[in-house]
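Observations on the three-dimensional arrangement
Now for the letters of each chain:
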Amino acid sequence: TPVKVSGSIDTNFSKTLKLKMSGQDIILAQLKLKELKILWTPADGRFGAGTENAVRYYQILNNLKPTGKIDKETWDLLANDKLDIQLKNEEITN
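Heads up: these notes are all about the structure in this document.

About the thresholds
- Residues numbered from 1 in each chain as written.
- Predicted model: local features only at pLDDT ≥ 70, side-chain atom pairs only at ≥ 80, totals over all residues.
- Heavy atoms only, no water.
- Helix = DSSP H or I, 4+ residues; strand = E, 2+ residues; numbered from the N terminus.
- Buried < 20%, exposed > 50% of the residue type's maximum accessible area, 1.4 Å probe, protein only.
- Core = buried A, V, L, I, M, F, W, Y, C linked by side-chain atoms within 4.5 Å.
- Contact = heavy atoms within 4.5 Å.
- Expected span 1.5 Å × (residues − 1).
- Arc of directions from axis to C-beta.

**A closer look at the environment of Leu78**
Within the secondary structure, Leu78 is located in helix 3 (residues 72-79). With relative accessibility at 1%, the residue Leu78 sits in the buried group. Between the C-alpha atom of Leu78 and that of Leu28, which follows or precedes it by 50 residues, the distance is 9.4 Å.

**Comments concerning the nonpolar core**
Residues Leu17, Leu33, Phe47, Ile70 and Trp75 are the most contacted members of the largest nonpolar core, which totals 14 residues. Looking at this core, the elements with two or more residues in it are helix 1 (24-35), helix 2 (49-61) and helix 3. In this view, Leu17 contacts Asp25, Ile26, Phe47, Lys69, Ile70 and Trp75; residues no more than four positions away in its chain are not counted.

**Some points on helix 2**
For helix 2, with 13 residues, the first-to-last C-alpha span of 18 Å sits near the 18 Å given by 1.5 Å per residue. Three or more residues of helix 2 are buried, namely Thr51, Glu52, Ala54, Val55, Tyr58 and Gln59. Here the buried residues of helix 2 occupy an arc of 165° about the axis, which is enough to place them on one side. The elements touched by buried residues of helix 2 are helix 1 and helix 3. Among the residues trailing helix 2, Asn63 stands out with phi positive, at a value near 55°.

Keep in mind that these numbers describe shape and distance, not what the molecule does.
This is how it looks when you write it as C-alpha cells:
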C-alpha cells in the first residue's frame, strides 16, 4: 500500500547534514530530492553517496556551491516547496 507524506520541511535548521549521518531530517531531505527526481536511492535516513551526489546536483541546479552537504542555504531551498509525495512502502526502508 502507498504511503503519503505531506507537509512542510521545518525551516528552523541549525546543523549541516553530511555523509555518514542519519536521522529524520535526512529522510525529509531525501523524500524531497526523490520528489524532484534527483535522488534514485531509497529514502532510508542514511546520508550515503547517493544522497551526497543528489544534493551536489541539486546545489548545481540552484547555483549553490556544490559541496554535497545540506547546509542552511540548501535546506532553505528544499524547504521552499510543500512536500506532497506518494511512495510505495518498499521505497521507504529502515
